[in-house]
Amino acid sequence: MNGAVRAVVRMGIYVGAKVYFIHEGYQGMVDGGQNIEEATWESVSSMLQVGGTVIGSARCKEFRTLEGRVRAALNLVQHGITNLCVIGGDGSLTGANLFREEWSSLLETLRTTGQIDDEAVQRNSVLHIVGMVGSIDNDFCGTDMTIGTDSALHRIIEVVDAIGTTAQRYLIGVCVLMYAVLFVLQVPGRCVYLALVSALACGADWVFFPEMPPEDDWEEELCYKLSGKRLNIIIVAEGAIDRSNKPISADYIKDLVVRRLGFDTRVTILGHVQRGGTPSAFDRILASRMGVEAVLALLEASATTPACVVSLVGNQSVRLPLMECVQMTQEVQKAMDEKKFDEAVRLRGRCVTGVVLPQSGFNVAVLNVGAPAAGMNAAVRSAVRVGIAEGHKMFAVNDGFEGFAKGQIKEIKWGDVGGWTGQGGSLLGTKRAREQFSEFCVPMVMVPATVSNNIPGSDLSIGADTALNAITETCDRIKQSASGTKRRVFIIETMGGYCGYLANVGGLAAGADAVYIYEEPFDIRELQANVEHLTEKMKTSIQRGLVLRNENSNENFTTDFIYQLYSEEGKGVFDCRKNVLGHMQQGGAPSPFDRNFGTKVAAKAMQWITTTLKETYKEGRVFANTDDSACLLGMRRRAMVFRPVAELREETDFVHRIPKEQWWLKLRPLMKILAKYRTSFDVSDSAQLEHVTHVRQGGLQSPVERF
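Reading guide: rules and limits
Residues numbered from 1 in each chain as written. Predicted model: local features only at pLDDT ≥ 70, side-chain atom pairs only at ≥ 80, totals over all residues. Heavy atoms only, no water. UniProt positions renumbered as here; feature names shortened; annotations may be inferred. Helix = DSSP H or I, 4+ residues; strand = E, 2+ residues; numbered from the N terminus. Buried < 20%, exposed > 50% of the residue type's maximum accessible area, 1.4 Å probe, protein only. Contact = heavy atoms within 4.5 Å. Pairing = 2+ DSSP bridges. Axes fitted to C-alpha atoms, helices over the stretch in contact; angles between N-to-C directions. Phe/Tyr/Trp six-rings, centres within 6.5 Å; stacked < 30°, edge-to-face > 60°. Arc of directions from axis to C-beta.

Under an unreviewed UniProt entry, the name given to the protein is Phosphofructokinase, platelet, and the source organism is Gadus morhua. UniProt, in its Pathway (unreviewed entry) section for the protein, records the words "Carbohydrate degradation; glycolysis; D-glyceraldehyde 3-phosphate and glycerone phosphate from D-glucose: step 3/4." UniProt's Catalytic activity (unreviewed entry) comment on the protein is quoted here verbatim: "beta-D-fructose 6-phosphate + ATP = beta-D-fructose 1,6-bisphosphate + ADP + H(+)".

Structure (structure tokens):
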């Protein structure tokens, strides 16, 4: 939430608005006084890495009463506030919409009671409201991700990874032939998302969540599934139920398994651990993008514009009518109360359940090419298991195309990829082979996997999110290392080749003051202007400065040169330190996003392979030589799209190994604005108000694809 607050404040000041904090949520708006405080640029410094919300949040019974809303209206009028940006869940946003609908009558009440005059009524006649959804549950219909969800997933996966290490100790330390251990992890959340995605990300054996209760014989099926396996993990959402609406708790599952199977069973209940900790890179970027979009929405709002909520669909910001989203969210609960569980799942977003996979009998190979990227192993696991489920015989190729040419190919079974989801690097091995090999006339699909995120045809690549988190966490620690010292500026070099994605987006997530990339050429005059700009900032209450440089941004203005320049020009105001992050950006366990993204993309790719194999199988053999039989599967704005590799040639700068057009460059002005630069901001790509679409009579469907 703090990233959103920071973005709203700084974008608001950038456009010339007076921005206020309202501390303690609606309670602060009702109480007024010191709870309503004007915000400054400096007051939101060093907020990005702080969890929770520094301006506070509180439930307010008084705001639910007309009298309380009248008091809140008076406090806003006294400060001349006619635009509200509300960050919260469906309850908070519903309250904001009601407040807006009543605004005219509230002003009239204040006028008739003599608390404001006619001029004040006229001056404050319209109240504009824009919402951003802040909730770890990700249960608000209309958006793919809510602020806080990705950070909550990080907390869950950290615990599951630690549990896995503990489990191995149990299995190694006990010399019993059939000894088995089960870990049951109960996660908070009223929605399927956290439980299901964490189960995908950690390779859990079973998952329970409210929207899809298990069949009546689930106890027998569960015990059968767990039998014969020594290590098992089950994820349980706190609201999980059976088809009779009877709760399914972690303790109930433990008692069941102990009674029937005799497994050594341990229960872990996360509770509020999920709400704490440092926000992830994804959440910081999402919050920053949403905060800026919210300010633009307020600027463009009119008296007839409905209150809207800023959402994320795929990789694109959208604006949706607030109450349409709230209505759809409430429809989910209504469907569950009526035991219409399939309907509840549909309302959550487009997802396919109960699909009978087509059975085929082809040989399919999986290989990794290029540098290792976190999440590759999750993608391989997904491809192998989906392929086996579709009837294919799956093969693994070691060491990329070089291994393919040398015959380093072996069959890979279901159990061979167990535990791969959380492993970093590439367990199959991968090499940057340069030799030319003959084309194979068989269907091929490429799944983008590189920390540099420089693949044409896809906005995102497997591994990039893990690298961003490594950069963000390192920058946080580097800044913290100077705590208690005098003013200091850090010069950080990132990887990425000629692609500035890691530097630019990492700078946005870490709150950088300047970022140097190859895609935006710079000269000594710009460097000097940046130094002067940062020097002026450091003369205020700002204590830390952060400058990121892509490793190939300029062959002459090296990291050492920039470090020496800032050191010399900052004398008497700040001192400098430099760090080259190097290959630490490629290592480590994959982030929840990369595990989930790799799993989904590989599954979709394998389904495409199955379909294409059937289409190209003629006269006893597979023959595929058309452009659309060799594709890349990538995320493009709102959807996953297959693009023929041949089409991508015209979109690629082969010399520098980057796409000719890169979506994230549109975030560059945003980063500069949040760093207090006066720069132009292109609003042509800003979100426009849309509507959710109908899924059934009397119901609504989100335009998102959550899973």
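Once you've had a look at it, read on.
Student: What is the right way to read the side chain of Asp-205 from this model?
Tutor: Structurally, the position occupied by Asp-205 is in the loop between helix H8 (192-202) and strand E6 (206-208). On the basis of relative accessibility, which here comes to 13%, the residue Asp-205 falls in the buried class. With sequence-adjacent residues up to four places away left out, Asp-205 is seen in contact with Lys-225, Leu-226, Lys-229, Leu-231, Asn-232 and Ile-233.

Student: Got a minute to help me understand the environment of Val-692 in this structure?
Tutor: With respect to the helices, strands and loops of the structure, Val-692 is situated in the loop between helix H22 (668-674) and strand E25 (693-696). With relative accessibility at 7%, the residue Val-692 sits in the buried group. Each C-alpha atom, one on Val-692 and one on Cys-141, is 9.2 Å from the other, the two residues being 551 residues apart in sequence.

Student: Is there a simple way to explain the environment of Leu-527 in this structure?
Tutor: Mapped onto the elements of the fold, Leu-527 is located in helix H18 (residues 524-538). Judged by relative accessible area, Leu-527 falls into the buried class, the value being 0%. Sequence separation between Leu-527 and Val-332 is 195 residues, and the spatial gap between their C-alpha atoms is 53 Å. Setting aside chain neighbours within four positions, we find Leu-527 in contact with Tyr-516, Phe-522, Phe-557, Phe-561, Ile-562 and Leu-565.

Student: Quick question: what am I supposed to make of the sheet that holds strand E21 (residues 630-636) here?
Tutor: Strand pairing in a sheet is mediated by backbone hydrogen bonds. Such pairs are either parallel or antiparallel. Across the sheet, which stays open at both edges, the three strands sit in the order E14-E21-E22 with mixed pairing between neighbours. Only two strands of the sheet have a single neighbouring strand rather than two, namely strand E14 (444-446) and strand E22 (639-644). The average angle at which neighbouring strand axes cross in this sheet is 30°, direction not considered. In the sheet, E14 pairs with E21 via three bridges, with the strands oriented parallel. Residue pairing in the sheet places Val-445 in a bridge with Cys-631 of E21.

Student: Honestly, the packing of aromatic side chains in this entry has me stumped. Any pointers?
Tutor: In this description, an aromatic ring pair is defined by two values, namely the gap between the centres and the angle between the planes. If you walk through the whole model with that rule in mind, you get 16 aromatic pairs. Between Tyr-501 and Trp-664, the aromatic rings sit 6.2 Å apart at their centres with planes inclined by 75°, giving edge-to-face as the arrangement. Separated by 163 residues along the polypeptide, Tyr-501 in helix H17 (residues 501-510) and Trp-664 in the loop between strand E24 (658-659) and H22 bring together distant segments of the chain. Residue classification places Tyr-501 among the buried positions, given a relative accessible area of 5%. We classify Trp-664 as buried; its relative accessible area is 1%. Note on Trp-608 and Phe-642: the rings are 5.5 Å apart at their centroids and 20° apart in plane angle, and the pair reads as stacked. Of this pair, Trp-608 sits in helix H20 (residues 592-616) while Phe-642 sits in strand E22; the two residues are 34 residues apart in sequence, bridging distant segments of the chain. Residue classification places Phe-642 among the partly exposed residues on the basis of a relative accessible area of 26%.

Student: Help me understand helix H5 (residues 103-112), please; the structure alone is not making it clear to me.
Tutor: Those residues of H5 that sit buried are Trp-103, Leu-106, Leu-107 and Leu-110. Projection of H5 onto a plane perpendicular to its axis shows the buried side chains occupying an angular sector of 100°, all on one side. Turned more than 90 degrees away from the buried face of H5 sit Ser-104 and Thr-112, all of them exposed. Looking at the buried residues of H5, the elements they touch are helix H3 (66-79), helix H4 (90-101) and helix H6 (118-123).

Student: What is the right way to look at the sheet that holds strand E3 (residues 83-88) in this model?
Tutor: Taken together, the four strands give an open sheet; going across it, the order is E3-E4-E9-E10, and neighbouring strands pair in mixed fashion. Pairing within the sheet leaves two strands with one partner each, and these edge strands are E3 and strand E10 (316-321). The sheet shows a mean angle of 30° between the axes of neighbouring strands, direction not considered. Alignment of E3 against strand E4 (residues 128-133), held across six bridges, turns out to be parallel. Residue pairing in the sheet places Asn-83 in a bridge with His-128 of E4.

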